[in-house]
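The chain contents come next:
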Amino acid sequence: MRGQVEIANVSRRGFLAGAGAGAFVLAVGLPRRGLAQEEPPKGFGRDAMPNGWRDDPTLFVSIAPDGAVTLTCTRAEMGQGVRTSIAMVLADELEADWAHVRVAQANGDEEKYGNQDTDGSRSLRHFFMPMRRAGAAARTMLEQAAAKSWGVPAGEVRARNHLLVHQPSGRTMGFGQAAGAAAALPVPDRETVRLKQPGEFRYIGSDAIGLVDNQDITTGKAIYGIDVRLEGMLYAVIARPPVFGGKVASHDAAAAMKVPGVVKVVVIDPPPIPSEFEPLGGVAVIARNTWAAMQGREALKATWDDGPNASYDSDAYRAQLEEAARKPGKLVREQGTVEKAFPGAAKRVEAEYYIPHLAQAPLEPPAAAARITNGKCEAWACTQAPQVTRLRLAKRLGLKPEDVTVHVTLLGGGFGRKSKPDYVLEAGILSQAMGGAPVKVTWTRDDDLHHGYYHTVSVERLEAGLDAKGKPVAWLHRTAAPTIGSIFAPDPKHELPFELGMGLTNLVLDVPNIRMENPEAPAHVRIGWYRSVSNIPHAFATQSFIAELAHAVGRDPKDYLLEVIGPARLVDPTELGDVWNYGEDPKLYPIDAGRLRKVVEVAAEGIGWGRQVPKGHGLGIAAHYSFVSYVAVAAEVAVGPDGSLSIPRVDIAVDCGPQVNPDRVRSQMEGAVVMGAGQAVSAAISFKQGRAQQDNFDTYLIPRIDSAPRDIRVHLVAPPRPDLPLGGVGEPGLPPVTPAIVNAVFAATGKRIRQLPIAGQLAT
Amino acid sequence: MRALDKVLPAILVPALLALAGPAAAGPCMDRITALEGRLDKEAEVAISTSSGGQGVAGAREGQAMEGTGGSPAADPAVPYQREGKEAQAVGQAAAAGEGGDKVMQAKAALNRARALDQQGDAQGCEQQVAQAESHLGGE
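Just so it is clear, the model here is predicted, and its values are computed rather than measured.

Participant: Please give an account of the domain arrangement of chain B that cites residues and values.
Facilitator: All names here are of chain B. Per the domain assignment, the segments of chain B are domain 1 (28-50 + 100-139) and domain 2 (52-97). Facing the eight residues of domain 1 at the interface are nine residues of domain 2. Surface buried jointly by domain 1 and domain 2 totals about 680 Å² across both partners, of which 51% is contributed by carbon and sulfur atoms. Together, Thr 49, Ser 50 and Asp 101 form the three largest contributors to the area buried by domain 1 at its contact with domain 2, with a combined 70%. Counting the contacts that link domain 1 with domain 2 gives six residue pairs in polar contact (both at pLDDT 80 or more). Among the secondary structure elements, those contributing two or more residues to the side of domain 1 that touches domain 2 are α2 (27-49) and α5 (101-118).

Participant: Break down the pairing of strand β20 (residues 513-518) of chain A for me, citing the residues and quoting the values.
Facilitator: Residue and element names in this part refer to chain A. Burial analysis of β20 places six of its six residues in the buried class, the great majority of the element. Residues Asn 513, Arg 515 and Glu 517 of β20 are buried on one face, and the alternating residues Ile 514, Met 516 and Asn 518, pointing to the opposite face, are buried as well. Examined bridge by bridge, strand β12 (residues 330-335) and β20 share five bridges and lie antiparallel to one another. Residue pairing in the sheet places Glu 334 in a bridge with Arg 515 of β20.

Participant: I'd like a rundown of the interface of chain A and chain B, residues and numbers included.
Facilitator: Facing the 60 residues of chain A at the interface are 47 residues of chain B. Between chain A and chain B lies a buried interface of about 4400 Å² when both sides are counted; carbon and sulfur atoms form 56% of it. Our count for the chain A to chain B interface comes out at seven salt bridges. Taking the shortest distance from any N to any O, the salt bridge between Glu 402 of chain A and Arg 82 of chain B comes out at 2.6 Å. Secondary-structure elements contributing two or more residues to the side of chain A that touches chain B are α4 (110-113), β12, α11 (338-341), α12 (386-397), α15 (497-500) and α18 (573-576) of chain A. A per-element tally of the side of chain A that touches chain B places β12 of chain A first, with six residues. Each residue belonging to the side of chain A that touches chain B can be placed in one class, and the counts come to 26 nonpolar, 12 polar and 22 charged.

Participant: Tell me about the pairing of strand β15 (residues 376-381) of chain A, and please be specific about residues and values.
Facilitator: All names here are of chain A. Of the strand pairs in this sheet, strand β14 (residues 367-373) and β15 are connected by six bridges, and their pairing is antiparallel. If you follow Arg 371 over to β15, its bridge partner there is Glu 378. By the bridge criterion, five bridges tie β15 to strand β16 (residues 404-408) in an arrangement that is parallel. Looking at the pairing, Ala 381 lines up with Val 408 of β16. For the crossover that starts at β15, traverses α12 and ends in the parallel β16, the hand is right-handed.

Conventions used here
- Residues numbered from 1 in each chain as written.
- Chains lettered and ligands numbered in written order.
- Predicted model: local features only at pLDDT ≥ 70, side-chain atom pairs only at ≥ 80, totals over all residues.
- Heavy atoms only, no water.
- Domains from an automatic or database assignment.
- Contact = heavy atoms within 4.5 Å.
- Buried area = accessible area lost by both parts, 1.4 Å probe.
- Polar contact = N/O pair within 3.5 Å; in protein donor to acceptor, adjacent residues only side chain to side chain.
- Helix = DSSP H or I, 4+ residues; strand = E, 2+ residues; numbered from the N terminus.
- Buried < 20%, exposed > 50% of the residue type's maximum accessible area, 1.4 Å probe, protein only.
- Pairing = 2+ DSSP bridges.
- Salt bridge = Lys/Arg side-chain N within 4 Å of Asp/Glu carboxyl O.
- Nonpolar A, V, L, I, M, F, W, Y, C, P; charged D, E, K, R; others polar.
- Right-handed = clockwise from strand over helix to strand, strands pointing away.

Pasting the structure below:
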């Protein structure tokens, strides 16, 4: 692996070399400029993404003379299994034998491949159909080539499991035999390509396909960003300003330079604010190995100008958010007139909820390597956003984008952190400082927790007026949280429509009078997107509050939740006031209250809702619609006399529409339960004097094997119709987990948790 | 008596209408209906000019909201695609009610107007419709 990193690179040179000289492969020859190369129309979903989508088979399918099929994945693999799922779709329509399929990872090049930005739970949602068409087009070209070589009509030839079969005569030809001739044919018009009927699927919907990277991962052969090694590579760690917006005041590198192995100390300028994806700046120590770099950083003497956020304090800021949430704020949603409904209510309930900053904390911290040779930069990075990485790197280094190549490695977790390529820019900057020598920048865990793009901090205030029967007739919700917009624009004080569209402006409630407001909240740290984003605080607050209302009127929480959701019906999200709808056409993706009710019923049935539980145990339930999927969670907790908390069981029910890879859906839900349990029980980032107080996993507490929910049962709920469009999978499992756990704690103890994490709040 | 016959119905009609409750279709509701069609279209435009990706949505909406009077920022902070194309995308988002922000507020005001109209509060309804129109920049 030394000297040249091979990440199953899909470059023509690498691929043809592997296939053998003179090999005929589907991808060689003139670019297939058919319809797939046209600018996609503006619209919703994948059509609205930067650089749109492609379904040209020559971009995604290569076949060697021996029949080996290489499928190209353009989405970043961070453990969600997208390399496997995308390949399943391509291979299925192609009629390839899975045993002869390998997956290559595309470099960052959206103008060639279409959008590669892997966030928003939309890899399959956006690319399922383009990949089906690409696979089917490749299959069609093979069939046509075989037919031509046999002198028979193309309609008489069918591809079947890696063979081309002339149906009347039974003659066969392998894929490898036909590939060369197929490559010379034009790509068929996408309107004429026959797609399989669902009953014909071989891999799509199957539970039998293991992860393509399993073998490499478990035998240590897989290459993550942090694993990259290049000939002559140097290693760097960076002392960054401890406070966001700060900068180096002075530094003395003398002691650092004396550390054996340290070769240079380089100052990186701080970014302007808004900083978006620019590095934070600081003092980089470059050495011959990572340990020397770390020791050099320890020896470095640096002082800091902490800048405008020097006094940022989580406790004080919480008080500020609470004060803001107790006054009217910017109106973002209204139905009816709450101020007229409240006076007539038989009962009034109010509550405030606090959700702290969180860190994505992917198990692989940010890491990237870069080198510059003859004015061209190559970077190797665990990035969720290869195109942004490429363009930003080019701009920072003063290069043309064509002169920057971003090799996308596997990602050891992402959760949104690796959508921001600041760490890749650091590698490029330091390589440039070293005359183009390869430099790898590694972030330690402390670096990751101290200098993150944190999930926002939030106070959610809710008030409800209930009628004589206990039904809510008035609902007021104020959400005060600094916005992600603060990394893109100067000093915004309100959340963006897409943040509000995550469980606030699109929340389905059977309540006649609803008012939602967004008071001001300035940002003092880098705010970034974290798995499921603003759905976390919104779901925690609304689902906790609904359970509180149920208790206030002596009702069963599950029945009450269903009553508040209301009857099965389709709701146009724009009628509620949502102007984001996850970027999807509201006509194609209305909100289906019936599907939400269904997952509640399934999760409740799964856990045995209503059963007797042992003393100290309690059941809680929550449901949330996000990323155009429907998820409900029922949790059982056990609280000991000393307040110790364990989670014996969680049932999670998901309706994500048709399931391409059920095993991956299960896996994502299981992971979401574990991550949500951490948010509920122990994880929080806090600040004093502008500095994050958590250093490592001894203070930022994520679940360990002994504290994770013991028994997680995933219920895959079929959509009401098989022709419904796909929903997201990566993120929707997370939002209802925390409120379900907190509601279960209340059932077990009578103690209502309104601030996260639970931590020591149950101690007696 | 004939004159009174004519006058009385004229007097009675508004009174009868008031007794019947809010107008099923009055001037304010007409304005709501007219504006609603526009709002529905603008909401869809706002959706399509943002995006399903969190980063792109954050960048486009953030830039769109910060533009003065709805004008997009001259240089988008984040090149998710070539700068000219992304500047165009940010401009489209800004034109779509500042990333949808104005559309969202207009919808809230219009929903409130409808509720007030149903409660017989014509003046309140008119005020909220005016508010909705001001969020959209009027026509």
